[in-house]
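Each chain, written out:
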Amino acid sequence: MPSSILWLTFGLLIQLIEAVNFPFEQVQLTAEDVAINQDVGFGNASLETEYRGPPCKAFPGGPDWPTEEEWSAVNDTIDGVLLKPAPLASACYTGQSYDASRCRYLLSPMSGVRRAYLDDPLSVLTQWPQGTTCLPSLDPGGRCTQGGFPVYVANVTTVKHIQAAVNFARNKNVRLVIKFVPLVLFLSISAPIVVRANKQV
Amino acid sequence: MGAGSLSIWTHHLKSFEYLTNYTMGNYTGMAVRFGSGLETQELFNYMALHNITVVAAGPGTVGANGGWFGYGGHGNLASYYGLGSDQALSLEVVTADGRLVTTDPFTNPDLFYALRGGGAGKQKEVPTA
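What you see is a predicted model; the values in this text were computed from it and never measured. (Residues numbered from 1 in each chain as written. Chains lettered and ligands numbered in written order. Predicted model: local features only at pLDDT ≥ 70, side-chain atom pairs only at ≥ 80, totals over all residues.)

Participant: So what exactly am I meant to see when it comes to the overall build of chain A here?
Facilitator: On a plain count of helices and strands, chain A comes out with seven helices and four strands. Shown N-terminal to C-terminal, the secondary structure of chain A runs as helices and strands in the order α-α-α-α-β-α-α-β-α-β-β. Looking at chain A as a whole, 38% of its 201 residues are labelled buried. Across chain A, the fraction of contacts at a sequence separation of at least 24, relative to all contacts at a separation of at least 6, is 69%. (Helix = DSSP H or I, 4+ residues; strand = E, 2+ residues; numbered from the N terminus. Buried ≥ 20, exposed ≤ 12 C-beta atoms within 10 Å, placed from the backbone. Contact = placed C-beta atoms within 7 Å.)

Participant: What should I look at first to understand the confidence of the model for chain A in this one?
Facilitator: When pLDDT drops low, the exact placement of atoms in the prediction is not to be read closely. Residue and element names in this part refer to chain A. Averaged over every residue, the pLDDT of chain A is 79; the share at 70 or more is 77%. Below pLDDT 50 for its whole length, residues 1–19 participates in 27 contacts with residues either more than four positions away or in separate chains. When the criterion is pLDDT under 50, residues 183–201 qualifies, and its contacts beyond four places in sequence or with other chains add up to 65 contacts. (pLDDT = per-residue confidence, 0-100.)

Participant: Any chance you could explain the nonpolar core here in plain terms?
Facilitator: When a protein is soluble and globular, its nonpolar side chains tend to lie buried together. The biggest cluster of nonpolar side chains holds 61 residues, and the ones touching the most others in it are Ala154 and Ala165 of chain A together with Ile8 of chain B. When residues in this core are grouped by element, the largest group, seven residues, is from helix 7 (residues 159–171) of chain A. Both domains that furnish three or more residues to this core are identified here as domain 1 (3–82 + 151–193) and domain 2 (87–130) of chain A. Contacts of Ala165 of chain A, omitting those with residues within four sequence positions, involve Ile78, Ala154 and Val156 of chain A together with Leu6 and Ile8 of chain B. (Core = buried A, V, L, I, M, F, W, Y, C linked by C-beta atoms within 7 Å. Domains from an automatic or database assignment.)

Participant: Where do I start with the environment of Gly2 of chain B in this structure?
Facilitator: Within the secondary structure, Gly2 of chain B is located in the segment before strand 1 (5–9). Along the chain, Gly2 of chain B and Asn65 of chain B lie 63 residues apart, while their C-alpha atoms are 21 Å from each other.

Participant: Hey, could you run me through helix 7 of chain A in this one?
Facilitator: Residue and element names in this part refer to chain A. Along its 13 residues, helix 7 runs 18 Å from first to last C-alpha, staying within 8% of the 18 Å computed at 1.5 Å per residue. Along helix 7, twelve of the 13 residues are buried, which leaves the element largely enclosed by surrounding structure. Residues of helix 7 that are buried include every one of Val159, Lys160, His161, Ile162, Gln163, Ala164, Ala165, Val166, Asn167, Phe168, Ala169 and Arg170, and no others. Looking one or two places after helix 7, you find Asn173, whose phi comes out positive at around 60°. (Expected span 1.5 Å × (residues − 1).)

Participant: Mind showing me how you'd approach the pairing of strand 2 (residues 16–24) of chain B here?
Facilitator: Residue and element names in this part refer to chain B. Alignment of strand 2 against strand 3 (residues 27–34), held across seven bridges, turns out to be antiparallel. The residue bridging Glu17 from the neighbouring strand is Arg33, located in strand 3. Linkage of strand 2 to strand 3, two consecutive antiparallel strands, is achieved through a turn of two residues, within which Gly25 is found at a positive phi near 60°. (Pairing = 2+ DSSP bridges.)

What follows is the structure, given as structure tokens:
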């Protein structure tokens, strides 16, 4: 038996004596939540040792991409913290997000602009790992697409939100990424991870 | 890298607590615990407030745990105190099956080992260190 399975077994036992540090950790996904929305059901680490799911992840526009209703339901489960953001620089392009003053700000040399990207739900420090598909520009007729940016973002404030997002992505075969800012710039990618209960990558 | 994905954004998990007396195995002494949205510059401010030193990354906008020590955790004090991944006493993580679990040298020790240098984003979500 692989050691990864062993610790997961431990993990299930540990649930009984879980240590909780902060208030946000005390808010956890419950059986009642799962009864209302089965898409956020927990995985069972002890059932399978080999992955038997689909070979590819669901993709927007594809047949297995969750429906609007399913996204809306998971948004209800996580207290409405699900975001569907447009890229930050979409303010520079013709469309719903167009905002000339916001665009001028993004093009300005002020140091605060960097902070705007750090506080943006989609962006990491550089654009190129995400496809460079929406750069700030003076040409509103240019092209700005979602590119490598995530489609949905769970703006988590409790452990319950994290658990529901992980479970939904696993159950619905959706790619899951976690935004982080590590020390080395070239690692500032939102690393895609494989989510499945029985295999610890 | 995130095309067609759902992203978990921990930016607002900024809880922090300074523990004057914490015991884990052979270690007894000062410790801090904080949420995975805390940035290093915010950790600097807490260091000043409590007059303590926490081994941390150099650049202030780097996330103070998770991705940083997931790759080892280099910083200005590494030659003196070791890497960031050497400092962790206990980690709370959400595993791929959706459970919140504690990892430390005695509880889920192999996951605790993997989280400290196994590569960021490879294992699980880390709500608190």
